[in-house]
Amino acid sequence: MATSEFPAQKDGSKAVLQETTVVVFVLGGPGSGKGTQCPKIVEHFGFRHLCAGDLLQAEIESESENGTLIQNFKKEGKIVPSEITVKLLQQAMQQSDNKRFIVDGFPRNEENRAAFENIVRIKPEFVLFFDCPEEELTKRILNRNQGRVDDNIETIGKRLKVYFESTLPVINYYNSKRKVQKIDAQRSIDEVFEDVKSVFAKLRPVARLSNDSYSDTAVFTISLLPLVVVEIASTSKWLEPQKQGFTSEYKRGKAPKSKSDEMPAKPLDTFEGQADIIPGSMINLMLISVLGGDTCTSAPTRHIFLAAMLLFVWFDQFPDADVLQELFSCDLQALPA
Ligand SMILES: Nc1ncnc2c1ncn2[C@@H]1O[C@H](COP(=O)(O)OP(=O)(O)OP(=O)(O)O)[C@@H](O)[C@H]1O
Ligand SMILES: Nc1ccn([C@H]2C[C@H](O)[C@@H](COP(=O)(O)O)O2)c(=O)n1
């Protein structure tokens with residue numbers, strides 16, 4: 001993903017879209033359920049929802065200079081010139097603290113796609129495509145009852161024509177780049193969302209972390225603290241006598257006793273090297289979840305990993321999984337099956 005500079009803001013500074021910005025385009029015919037599913041994605045995965053149609057509608061309602069032009073395009077079921085739509089999307093992204101966006105109803109045609117990639121300079125992570133037959137689309141729109149100027153049988157025909165002629169080629173373009181996640185949208189809202197969830201769950205865990213609130217930083221710091229404490233305890237001197245005690249009992253072939261004589265101690269192999277194994281496995285588990293695959297690391301690498309994670313959390317800069325993979329690849333080994 002590329003870094004993109006937005007136009008100067010009122011205070012003269014420039015908002016910069018960082019490399020960690022994630023964009024998912026949500027496409028499908030009119031009435032396929034984009035606007036129904038997007039709020040669920042926001043709720044479950046913390047993305048910011050940008051609906052191109054809603055941004056254009058807000059322009060109409062604000063009676064801006066482009067309002068009448070947009071209204072006329074909308075009534076005709078036509079696609080508004082890309083310059084206008086991309087500018088609105090760009091401003092909305094600029095004003096958001098979130099770095100992860102689902103862009104609903106965009107790009108509607110080749111011109112939209114090229115304008116976004118040229119101006120915003122970000123390629124989508126993937127395209128979520130709600131696939132639904134024409135008859136079902138028409139039925140849903142006619143039942144929608146939200147007072148939209150374009151929800152009438154005449155405009156629906158035009159919108160469907162535009163969808164098949166202009167939007168489907170964009171979906172095919174992304175499909176040729178293996179970026180399309182196709183969802184069967186003809187089923188119930190809940191069934192559709194089950195599929196949507198599994199698509200978003202496949203996003204790399206680091207990319208799924210939200211960067212938009214202090215509470216996230218607090219939650220992640222607190223989650224990392226037990227790891228830090230156990231790691232420090234295991235490598236500090238005060239655990240040495242216990243470790244040696246267990247080891248010498250083990251060498252003499254005697255099971256160490258628990259404090260209560262009636263209660264047998266835990267098996268020796270549970271204790272031996274326990275202080276080293278536990279933090280190792282906890283952090284290895286984290287590494288496995290972040291990097292994928294089976295991994296194990298040496299103690300110094302775990303320490304660097306922990307320190308890096310804390311710094312990343314505090315400075316609100318989560319690294320890409322690829323960066324982590326590169327940082328730790330020298331120390332990652334496949335675990336025996
Ligand atoms: N899976 C579904 N099953 C039945 N009805 C649905 C389903 N998903 C959405 N709907 C209904 O269909 C209508 C259209 O859905 P929605 O507004 O989400 O579509 P859309 O893709 O956002 O449409 P548009 O592109 O025209 O804005 C709504 O009334 C919605 O409640
Ligand atoms: N990229 C876009 C998105 C929307 N429009 C216009 C034309 C649509 O009929 C209208 C409503 O959009 P919807 O809510 O159906 O997604 O907005 C556009 O010109 N370009």
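Before reading on, note that the structure itself is shown above.
Residues numbered from 1 in each chain as written. Chains lettered and ligands numbered in written order. Predicted model: local features only at pLDDT ≥ 70, side-chain atom pairs only at ≥ 80, totals over all residues. Heavy atoms only, no water.

Enquirer: Please clarify how the site of ligand 1 should be interpreted in this entry.
Expert: Taken together, the neighbourhood of ligand 1 is formed by 15 residues, with Lys-34, Thr-36, Arg-144, Arg-159 and Arg-187 sitting nearest. Contact between ligand 1 and Ser-32: an oxygen atom at 3.2 Å from a main-chain N or O atom of the residue. Across the complex, the protein chains shield 78% of the 630 Å² of accessible surface that ligand 1 would expose by itself. Elements supplying a minimum of two residues to the shell around ligand 1: α1 (34-45) and α6 (134-144). Ranked by the residues each element gives to the shell around ligand 1, the list is headed by α1, at three residues. (Near = heavy atom within 4 Å. Polar contact = N/O pair within 3.5 Å; in protein donor to acceptor, adjacent residues only side chain to side chain. Areas by Shrake-Rupley, 256 points an atom, 1.4 Å probe, with all protein chains shown as cover. Helix = DSSP H or I, 4+ residues; strand = E, 2+ residues; numbered from the N terminus.)

Enquirer: Looking at this model, I keep getting lost on the packing of aromatic side chains. Mind explaining?
Expert: Remark: the centre distance and the inter-plane angle together describe each pair of aromatic rings, the angle taken between the planes. With the rule as written, the count across this model stands at nine aromatic pairs. For the ring pair Phe-47 and Phe-200, a centre distance of 5.3 Å and an interplane angle of 80 degrees mean the geometry is edge-to-face. Placement of Phe-47 in the loop between α1 and β4 (48-51) and of Phe-200 in helix α8 (residues 189-201) is noted, with a sequence separation of 153 residues between them. Ring pairing ties together the aromatic residues Phe-25, Phe-106, Phe-116, Tyr-173 and Tyr-174, which thus form one cluster. (Phe/Tyr/Trp six-rings, centres within 6.5 Å; stacked < 30°, edge-to-face > 60°.)

Enquirer: Which parts of the structure should I look at to understand the nonpolar core?
Expert: The biggest cluster of nonpolar side chains holds 24 residues, and the ones touching the most others in it are Ile-41, Phe-47, Leu-128, Val-196 and Phe-200. Looking at this core, the elements with two or more residues in it are β3 (22-28), α1, β6 (126-131), α6, α7 (153-176) and α8. If one sorts the elements of this core by residue count, α8 sits on top with five residues. Ala-52, Ala-92, Phe-129 and Tyr-174 belong to the second largest nonpolar core, which has 23 residues in total. (Core = buried A, V, L, I, M, F, W, Y, C linked by side-chain atoms within 4.5 Å. Buried < 20%, exposed > 50% of the residue type's maximum accessible area, 1.4 Å probe, protein only.)

Enquirer: Whenever I open this one, the site of ligand 2 confuses me. Can you help?
Expert: Around ligand 2, 14 residues are found, and the nearest of them are Val-80, Gly-105, Arg-108, Asn-112 and Arg-148. For ligand 2, an oxygen atom lies 3.1 Å from a polar atom in the side chain of Arg-108. Contact with the protein chains hides 94% of the accessible area of ligand 2, taken as 440 Å² for the molecule alone. When each cavity is represented as a set of grid points, ligand 2 is found to reside in the largest pocket. At three residues, the largest contribution of residues to the shell around ligand 2 is made by helix α2 (residues 52-61). Across the shell around ligand 2, the residue classes tally to five nonpolar, three polar and six charged. (1 Å grid on protein atoms, 1.4 Å probe; cavity = no way out; pocket = protein on both sides within 12 Å on 5 of 7 lines; lining within 4 Å. Sits in = over half its atoms within 2 Å of the grid points. Nonpolar A, V, L, I, M, F, W, Y, C, P; charged D, E, K, R; others polar.)

Enquirer: Just to check I follow, could you spell out the environment of Pro-169 for this structure?
Expert: Mapped onto the secondary structure, Pro-169 falls in helix α7. Given the relative accessible area of 39%, Pro-169 is considered partly exposed. Note: C-alpha distance between Pro-169 and Arg-108 (61 residues apart in sequence) is 9.3 Å.

Enquirer: Help me out: how do you make sense of the layout of surface pockets in this one?
Expert: One way to see where empty space is left: roll a probe the size of a water molecule over the atoms. Of the pockets and cavities examined, the largest pocket occupies roughly 1,100 Å³. Lys-34, Arg-108, Arg-144, Arg-148 and Arg-159 are the residues nearest the centre of the largest pocket, which is lined by 47 residues in total. When residues of the lining of the largest pocket are traced back to their parent elements, those giving at least two are α1, β4, α2, α3 (67-75), α6, α7 and α8. Of the residues in the lining of the largest pocket, the class split is 16 nonpolar, 19 polar and twelve charged. (Points joined across faces, edges and corners; volume = space filled by probe spheres on them.)

In short, geometric facts, not functional conclusions.
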